[in-house]
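Take a look at the letters that make up each chain.
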Amino acid sequence: MLARIEHAAQAISELGKPEVAVVLGSGLSDVLPLEGVRSLSFGEVPGFPVPTVTGHAGRVEVGKVGDKEVLVQRGRIHYYEGYDLAEVVIPVRAYALLGVKTLVITNASGGISSEFHPGDLVLITDHINMLGGNPLRGPNLERLGPRFPDMTAAYDPVLRARAKEVAARLGIELREGVYLATMGPSYETPAEIRAFQRLGADLVGMSTVPEVIAARHAGLRVLGISCVTNYAAGLAGEPLSHEEVIETTRRKAAELSKLLTALVPQL
């Protein structure tokens, strides 16, 4: 697996040497335009798995946001697509070998908290892993990080504070909450959502947690931003659909792009 990650990192290094990477989730692939873009599709990066889900472009781009060189991953891989968790995190681990120090990770989520509504942008403060697995399972890759990485502050409080300061200047409301990851691809049942509420979850989705675990293992600082696309199962009395997820994220893309364009150069 390490050789696969190294080959991916070598290919991406031809695009540049950024210290900040931004992962854009469902329906958010067009957020954060770059200047002077160099890009590769996932299929052109040796060792990269390829997204199979609508709303995930599957490209790695390097370019400028202001004066800062930034890597943007447009689209992501999910566990439910059939990949192993170790494969899901190959991109993030490749970025770590490339020299990336800070990861900004975004996603679409269902709102569990009664305080959240579709269209809200939420800073992730912590997560609950209900995927039934961990991407670090198996032999530890010592070149990347320790056998038992600490996850106490997986989502960097200093980065969250900076994001709130920038959002306040822009007049953008940012909430905060705990994200819970399920395996998918089926949406959760109302009974599961009630159970997740009791566990302390505010948001639910099918991504992010594996990448954050791998990022923290490699020593990257992480900022997580979730776009609430719908009320979680049973809370609105209506069926859930992927089309609703994509539509809401596209509607909020301009606001998130404005926030990231102002924030990323400060990271």
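Scope of this entry: the structure provided in the associated data block. Fair warning: this is a prediction, and the values are worked out from it, not measured in the lab.

Turning next to empty space enclosed by the protein. Empty space among the atoms can be located by rolling a probe the size of a water molecule over them. Evaluated as defined, the whole model comprises one cavity of 30 Å³ or more. Looking at the largest cavity, the residues that line it are Ile77, His78, Tyr79, Leu85, Val88, Leu131, Met206, Ser207, Thr208, Pro210 and Glu211. Of all the secondary structure elements, the ones that give two or more residues to the lining of the largest cavity are helix 2 (85-88) and helix 6 (209-217). Partitioned by chemical class, the residues of the lining of the largest cavity number seven nonpolar, three polar and one charged.

Below, the discussion takes up the pattern of salt bridges. Tallying each qualifying case throughout the model produces eleven salt bridges. Residues Glu61 and Arg74 are paired through a salt bridge, measuring 2.8 Å at the closest nitrogen-oxygen approach. Here the residue Glu61 occupies a position in strand 3 (residues 59-65), and Arg74 occupies one in strand 4 (residues 68-74), the gap between them amounting to 13 residues. Just as Glu61 is buried, Arg74 falls in that class too. Because the salt bridges share partners, they merge into one network encompassing Arg59, Glu61 and Arg74.

What follows is about the side chain of Gln73. The topology assignment puts Gln73 in strand 4. Overall, Gln73 belongs to the buried group, its relative accessible area being 2%. A distance of 2.7 Å separates a polar atom in the side chain of Gln73 from a polar atom in the side chain of Tyr95. If near-sequence neighbours (up to four positions away) are discounted, Gln73 is found in contact with Val22, Val23, Leu24, Phe42, Arg59, Pro91 and Tyr95.

This part takes up the packing of aromatic side chains. Aromatic ring pairs are described here by two measures, namely the spacing of the ring centres and the angle between the planes. Scanning the model with the defined rule gives two aromatic pairs in all. Both rings, one in Phe42 and one in Phe48, keep their centres 5.1 Å apart while their planes meet at 75°; by these two values the pair is edge-to-face. The two residues Phe42 and Phe48 agree in class, both being buried. Clustering of aromatic rings is evident, with ring pairs tying together Phe42, Phe48 and Tyr95.

Looking now at helix 6. Among the nine residues in helix 6, eight count as buried, and that is most of the element. Listing the buried residues of helix 6 in full gives Val209, Pro210, Glu211, Val212, Ile213, Ala214, Ala215 and His217. Two residues or fewer past helix 6, Gly219 is found with a positive phi of approximately 85°.

Below, the discussion takes up the pairing of strand 3. Burial of strand 3 is extensive: five of the seven residues sit out of reach of the surface. Between strand 3 and strand 4, which pair antiparallel one after the other, the connecting turn spans two residues, and Gly66 there sits at a positive phi close to 65°.

Moving on: helix 3 (residues 90-98). For helix 3, a buried count of eight out of nine residues is recorded, marking the element as mostly surrounded by other parts of the structure. A positive phi of about 115° marks Gly99, the residue just after helix 3.

On to the environment of Val222, then. Locating Val222 in the fold gives a position in strand 9 (residues 221-231). With a relative accessible area of 0%, Val222 lands in the buried category. Once residues within four sequence positions are removed from consideration, Val222 is found in contact with Leu103, Ile105, Ala154, Tyr155, Asp156, Leu159, Val212, Ala215 and Arg216.

That bond from Gly184 to Pro185 is cis: its omega, 5°, falls within 30 degrees of zero. Residue position: Pro185 is located in the loop between strand 7 (174-182) and helix 5 (190-199). Positive phi is not limited to glycine here, since Leu32 has a value of about 65°. Checked against the element boundaries, Leu32 lands in the loop between strand 1 (20-24) and strand 2 (35-41). At Thr208, a position not held by glycine, the phi torsion is positive, near 75°. On the basis of relative accessibility, which here comes to 0%, the residue Thr208 falls in the buried class.

Here is what the cut-offs are and how they apply
Residue indices follow the written sequence of each chain, beginning from 1 at its first position. Selection of residues for local features in this predicted model requires a pLDDT of at least 70, selection of side-chain atom pairs for listing and counting requires 80 or more, and totals for whole chains, interfaces and linings are taken over all residues. The side-chain quantities take in all heavy atoms of the structure and omit both hydrogens and water. The method works on a 1 Å grid over the protein atoms by themselves. A cavity is a set of points holding a 1.4 Å probe that cannot get out, a pocket is an open set with protein on both sides within 12 Å along at least five of seven lines, and residues with an atom within 4 Å of a point line them. Grid points are joined across faces, edges and corners, and a volume is the space filled by probe spheres set on the points. Secondary structure is summarised from DSSP: a helix means a run of H or I of at least four residues, a strand means a run of E of at least two, and numbering begins at the N terminus for each. Just so you know the grouping, Ala, Val, Leu, Ile, Met, Phe, Trp, Tyr, Cys and Pro go in nonpolar, Asp, Glu, Lys and Arg go in charged, and all remaining residues, Gly too, go in polar. Here a salt bridge means any side-chain nitrogen of Lys or Arg lying within 4 Å of a carboxyl oxygen belonging to Asp or Glu. Only protein chains enter the accessibility calculation, which uses a 1.4 Å probe. A residue is then buried if its area is under 20% of the maximum for its type, exposed if over 50%, and partly exposed in between. Pairing of N or O atoms within 3.5 Å defines a polar contact, subject to two protein rules: one partner must be a possible hydrogen donor and the other a possible acceptor, and residues neighboring in sequence count only if both atoms are side-chain atoms. Here, two residues are considered to be in contact whenever any of their heavy atoms come within 4.5 Å of each other. Any two of the Phe, Tyr and Trp rings considered here, Trp counted by its six-membered ring, make a pair once their centres fall within 6.5 Å; the pair's planes then place it as stacked at under 30 degrees, edge-to-face at over 60, or tilted in between. Only strands joined by at least two bridges in the DSSP assignment are considered to pair.

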